[in-house]
Structures are given as C-alpha cells and as structure tokens.
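Listed here are the chains, written in short residue letters.
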Amino acid sequence: MLMNLVKKEIKELLTPSTVAVIVVITILFGSMGKLIGAAKDEAKKKPSIAVVIRDKGPLADRMRAFLRLKTILVYDGDSREKGFAALKKNDKGVALLIIEPGFEQALREGRPGLVHVEWIMRGAGLMDTISSGILEKTFQDLNKVISAHLLDSARAHGGIISAHVLNPTVKIENTTYKKKRIPALSPNKIAQVLVSQSIAIPVAVMLIIMLGGSMVITSMGLEKENKTLETLLTMPVPRSTIVLGKIMGSAAVGLFMAAFYMVGFKFYINSFEAGTVDLAMLGLDLTIFDYVLVGVSLFSSLLFGLSIAMLLGIMAKDYKSAQVLTYPIMGLAMIPMFLTMYRDFDTVAPAVKAVLFIIPFSHPMMAMRHLTLDNYLLVTLGIGYSLAVTAVLIAVIVKIFKTDKLITGIMRVNRRA
Amino acid sequence: MHLLEVSGLTKSYGKTTAVKSIDFHIPAGEIFGLIGPNGAGKTTTLRVISTLLSQSGGTVTVCGHRVDKEPHEVRKAISYLPEEAGVYKNLRGLEYLEFIAGFHGTRSERAKMVEDGISIAGLGDRIRDKVSTYSKGMTRRLVIARALMTRPSLAILDEPTSGLDVVNAHEVRNIIKRSVSEERAVLLSSHNMLEVDYLCDRIALVASGRIVEAGTPGGLKEKYGCTNIEEIFMRIMETESHADEPGQKRD
C-alpha cells in the first residue's frame, strides 16, 4: 500500500516541468563552474606589462629582474609613448610602469619613491579585472624587493633606515578605460564602483523579462484553459489587434515595472556617488538622457521577450503547460546575464560577441556600461535590432493567429500529421 | 435569403477527416440543432462557421459573407458560445459584459447591449461581483447573456446547457427561445434530446462527420414512428454502426 502511494506521488511530482527545472539548474551550475574554472586559469597567468625604468643603478636592475620573473614584459625601454603603444597593441597588456631617474636616490634620502602606473582597463566584467588584480599583488611584492634592497644597502654601506622602508613607494596611477582616462584610480577600484552595473543590472533585467514573459505565457495558457480565447477570436476585431493588445498590455505593466526599477536604480547609483568615489568627477556618471536610453533599451528588449513569450504561449494547452514554456525564455535571458556579468562586450571572443548581440536581452544588460563610456552606437543599434526582431515576431504571431493552430494546437497537429 | 448556408463542408486534420461534405441551411427566425455522439464533428462544424477553423473543402456563407473570404464581416454577424466557455476570473460580471460590448457598435449601442446583457443574465446585484465568486450556473447565464446581448444575426451555441442543473438549464433554454426573432437565428449543438425537441425548429443528426438525418422534430418522429428524439437518435445510431461494419455498403 505504501509503495502504491509512493509511486503515485512520484508520478504526480516528476512532471515534464519539474524535470525541465532540474535540467535548467544543472546546465546553469555547469556553466557557472566553467566560468569559475576559466577565472582560475586566468589567475594563474602572468600579467603582461610594459616598463620604462629610467633610473639607473642596482635597485633598478633588481626591480627589472624581479618584473621579468613575475610578468611578461611586452616593452622594456626608455620611451613612455612607445611603452604605452606596445601595451595597447598587446590585447592582454595590463599596465605601463614608469620609474623616473632619481628613484633610488629619493629612497636613500628618506623620501618615498614614486612609481607611475598607467593602467589599461579592457572591461568591467568580473573576469576582466583578474590580471590587474594579479599585478596589484606583484606591485606589493615589488615593494618587498625594494625594502629588502634598502635594508641590504643600509647594512652594507651604513646609513639611515628610513621610516618608509617597509612601504617605500607611492603609486601615482591613472587608468585608460576604452577612450576615457580616469585619474587616480586602478581598474580594480573602478570595477568596484561599476560592480552594480556588472551584477545588479543583468540580474534585474533578467527578472523583469522573466516576469513579463511569464505574464504573457500564463495569459495565453489561461485563455485556452478557461476557453476565453475562442470567444475573443470570434469578436469582430482584427487578429493583429488582439496580438498587439496582449503584448501592449503586458508591456505597459513591464514598463511600469521598468520605470520603478530605474528610479530605484538611480538611488542605488547615487549611493556610490555620495561615497568615496565621485562618478561624475571621474566622468563615469550617466545623464538623464542616458537613463532614458537605458529605459528604451530595456523596453525594446521587453517587447521582444513578450513577443517570444506569446509565440511560446500559442503552444500552451493550459496554465500548467504554460509554466513549462517559460523555461526557454529563462535560458535565453540567463546566457547574456552570466556573460555580461563576467565579461565586457569588447573583451569577449567574436563568436560570443555575436551571440550576445543576437540575443536582444543582452542589450539592456550592457546598455549602462556602454553609456558610461559614451558608446551610444551600440546602445542604439541594440534598440533598433530588438525592435526589428520584435516586429518580425509579431508578424509571425499574427500569421499563426489567422490559422487553425491556435485552436488545434501546433504540437498536436504535427503529431497527428 | 438564408442566414447560414453550409454546402459540401469538409474539415480534415492531417489524415483524419472530422467533417465530411455536409450541407444544411438556416433561415431567419429558426433554431437549428446539430445532434450527435461525441466526436461526430458537431463542434468542428460550429468552429468553422465561427471562423475559428478553416474549412478543407466546401463553402460556408453567413448573411451573404463567406467565412473563408470575409471572416471579419462574418464575425460581425455571429456570436459564438463555446462549450464550457469561461470568463476572465478577475473581472466582475458587469465588467465582462462591458468588455465584450466594447467590440461592437457605437457608444450608445454598447450601453444598450450591456443593459440587455444584465437583463438576460438575470443575476441581480451579483452582476457587480467578481466572476470568480459565481457558481457554474451563474457563469453560464453570464456567457449566454454575452452571446445574445449583441443581437447577432446568427447565434452559435455549443452545448449551451452543458453541466447545468435542471433549474438553470430550463432558464437558459427559455433565454435562447426568447432570443430568436424574424431577423435572427440560432444554431446549437446538444447531447440533450429533450432540449433539442423543446428548442429546435429543425435538427440534423451528425455521425462520423456526416449528416445522416435532418428534419423537424415532429416530422422525424412521424417518419420513424417514435415518441421522442432520443429513440430516433438511438435507432439511427444503430443503423449507422451496422453501416460502418466491414462489408456493408453506405448510401
């Protein structure tokens, strides 16, 4: 008797929808594991840097030897310009290190040695700043080398051991992020400021799209389950009006949600501006127009999501099957969510770039980061592309609405045939 | 002119033919009933006439408009009530009637439609309550009201009293009977032979996608020497099952 009940429970619970959830979660964890694995591999690599050590002497030689050991030197010479050019040319180049003449002399006189660092920041994704993080650690180790040299020198030749000996250098750093030169900040600090864009936006966009998509699919499923769809389709109104009505209704709710989200997010961003780093001073703030563009990008992507949800909703027989049909949208939203979280659009491989562009959900996820760097072209292209794909989808949906498939069901007709 | 003309109507789903070249017509002022067992093709026929499904062959004309050529014009002339038709649960009864009226006529016509709908539904103050609080009988009265309040030239009702108790079914039948006028007609399908006998001016018996018998309830009773439609139905079905046996020739 017990087994009888257990068997019944298993049959009830192990439906295609629960199996689909398990599969989606498995794929999700698998992809996350791969990304983390890639991050670990990245962390093992030596950072590529350029050095311009104009100071002469034993300390300069010791520093150069240490850097040769710990990094890949793409340039080692006297020209700052050539060093920076070589760094830019190398797509893995992280920073240009400049040691001016008189560095060792300053240290000997008890003053800190100035280390000029010109960082190149390629992206603000979580994986984009791994190499600059490693280099920061290398600089700390370089300080130890300098400290050791100063102590050895004091021991051998006598002299004063300065108070700076354990922390002998002062870093003067600037970061070039795309076309912007951001003073006094390293890529890691900038990434910390932009972390909201790296994580919060993709997650929020995915949630909005999933919520909106699920609304449409459920609405279609309920229309079929409650037999209200048949009534609606016999009303003297064009099928295109019915389709647009459904999409626009859900989009209005989605827009409402998006507007609330944007207001909330503005406050969230403001909290960063009010803190230690002023985004406006760094030129990383967004204007009202930028926020409007982000909203439009989100709305156009939402329209695409709702259209694809409607297309899937046509296949739904009832409310329960409608729930299962939300998973493809979830999957489609999760791909760009994880990709944009870990990488910038510019730092991914061309094939991944193409995938990101093709999925309209990527565009609002990346819009804020693009606009921070004044890259309006990609944002507007993304909006245009999303709207064009939506228009095609709506045309397909209207066509299906004019066929028997809506009543007989696409899958059932195929099975019969 | 007939309000509905069905000629050689055929509907196939892949290799399965659900409706096989059926012909019938409905003049104004008539209630016409399609009766038959489950899967006979009644609902498919009603769905083709209602422009929900496309026909595979033949022609269907409603008020002079072909369903395949002018579906929008046909939709203006009909009102279709699917079997077990539902309502949007979050709407109130009145809101649902206003929603449906919103697809028809001018503002004043719509107000009149809603007024008529309230009267046909006969739900009293409950018309202002959410549909989710309605009983099955109340919901059915509401959807019947929505189907008839627009004064369609042809009301197409699929199993209008399906699942209703005796009192509600009786009331719905009376509503249908009252809705027919000189300019309007009703096409309905039903399993309930007593209902068909009471409501319909003419009936057609559908089996395996074909009309196997048609006429007035009185005429058919006389022809078969039966006292009620149910007997006629059983006798025809018996003949049909023999005709379908291997080796038997069908007329």
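Residues numbered from 1 in each chain as written. Chains lettered and ligands numbered in written order. Predicted model: local features only at pLDDT ≥ 70, side-chain atom pairs only at ≥ 80, totals over all residues. Heavy atoms only, no water.

Some details on the confidence of the model for chain B
Any residue range with low pLDDT should be treated as having predicted coordinates unsuitable for detailed reading. With 96% of its residues at a pLDDT of at least 70, chain B reaches an overall mean of 89. Reported confidences for the modelled complex are a pTM of 0.75 and an ipTM of 0.90. (pLDDT = per-residue confidence, 0-100.)

Concerning the packing of aromatic side chains
Evaluation of the coordinates by the stated rule reveals 8 aromatic pairs over all chains. Between A:F304 and A:F361, the ring centres sit 5.3 Å apart and the planes meet at 65°, which makes this aromatic pair edge-to-face. Remark: A:F361 occurs in the loop between helix 15 (350-358) and helix 16 (362-372) and A:F304 occurs in helix 12 (residues 288-315); sequence separation between them is 57 residues. Taken individually, A:F304 and A:F361 each receive the classification buried, so the pair is uniform in this respect. Through pairs of rings, three or more aromatic residues link up here, namely B:Y88, B:Y96, B:F99 and B:F103. Just above the ring of A:F345 sits the side chain of A:K353; from NZ or CZ to the centre is 5.8 Å. The residue whose ring lies beneath B:K177 is B:Y198, and the NZ or CZ to ring-centre distance is 4.9 Å. (Phe/Tyr/Trp six-rings, centres within 6.5 Å; stacked < 30°, edge-to-face > 60°. Helix = DSSP H or I, 4+ residues; strand = E, 2+ residues; numbered from the N terminus. Buried < 20%, exposed > 50% of the residue type's maximum accessible area, 1.4 Å probe, protein only. Lys NZ or Arg CZ within 6 Å of the ring centre and 35° of its normal.)

Topic: the layout of surface pockets
For the largest pocket, the calculated volume is near 950 Å³. Considering the residues around the largest pocket, the lining is formed by 38 residues, among which A:M127, A:Y342, A:R343, A:T347 and A:V348 are closest to the centre. Residue assignment for the lining of the largest pocket shows that the elements contributing at least two residues are helix 2 (16-44), strand 3 (93-99), strand 4 (113-121), helix 6 (130-157) and helix 14 (327-342) of chain A. Each residue belonging to the lining of the largest pocket can be placed in one class, and the counts come to 21 nonpolar, 8 polar and 9 charged. The two domains that each donate at least three residues to the lining of the largest pocket are domain 1 (41-184) and domain 2 (193-408) of chain A. The volume enclosed by the second largest pocket comes to roughly 460 Å³. In terms of lining, the second largest pocket is formed by 16 residues, of which the most central are A:S219, A:E223, A:T228, A:K246 and B:Y88. In terms of residue class, the lining of the second largest pocket is built from 8 nonpolar, 5 polar and 3 charged. (1 Å grid on protein atoms, 1.4 Å probe; cavity = no way out; pocket = protein on both sides within 12 Å on 5 of 7 lines; lining within 4 Å. Points joined across faces, edges and corners; volume = space filled by probe spheres on them. Nonpolar A, V, L, I, M, F, W, Y, C, P; charged D, E, K, R; others polar. Domains from an automatic or database assignment.)

Details of the environment of A:P101
Residue and element names in this part refer to chain A. With respect to the helices and strands, P101 occurs in the loop between strand 3 and helix 5 (103-108). Judged by relative accessible area, which is 55%, P101 ranks as exposed. In this structure, the C-alpha to C-alpha distance between P101 and R54, residues 47 residues apart in sequence, is 5.2 Å. The residues contacting P101, other than those within four sequence positions of it, are R54 and D55. (Contact = heavy atoms within 4.5 Å.)

Here's the deal with the nonpolar core
Formed by 144 residues in total, the largest nonpolar core has its most connected members in A:F401, B:L4, B:F24, B:I49, B:V62, B:L154 and B:L187. When residues in this core are grouped by element, the largest group, 13 residues, is from helix 12 of chain A. When residues are assigned to domains, this core turns out to be shared by domain 1 (41-184) and domain 2 (193-408) of chain A, each giving three or more. Excluding anything up to four places from it in sequence, B:L154 contacts B:L4, B:I26, B:I49, B:V62, B:A77, B:I78, B:S79, B:A185, B:V186 and B:L187. In terms of nonpolar packing, the next biggest core, distinct from the first, is built from 24 residues, A:I53, A:M63, A:L107 and A:L135 among them. (Core = buried A, V, L, I, M, F, W, Y, C linked by side-chain atoms within 4.5 Å.)

Re helix 3 (residues 58-70) of chain A
Residue and element names in this part refer to chain A. If you check helix 3, its first and last C-alpha atoms are 18 Å apart, about what 13 residues at 1.5 Å a residue would give, namely 18 Å. All buried positions along helix 3 are accounted for by L59, A60, M63, R64, F66 and L67. Angularly, the buried residues of helix 3 cover 165° about the axis, an arc narrow enough to put them on a single face. Opposite the buried face of helix 3, by more than 90 degrees, sit the exposed residues P58, R68 and L69. Of the surrounding elements, those touching the buried residues of helix 3 are strand 1 (48-53), strand 2 (72-77), strand 3, helix 5 and helix 6. (Expected span 1.5 Å × (residues − 1). Arc of directions from axis to C-beta.)

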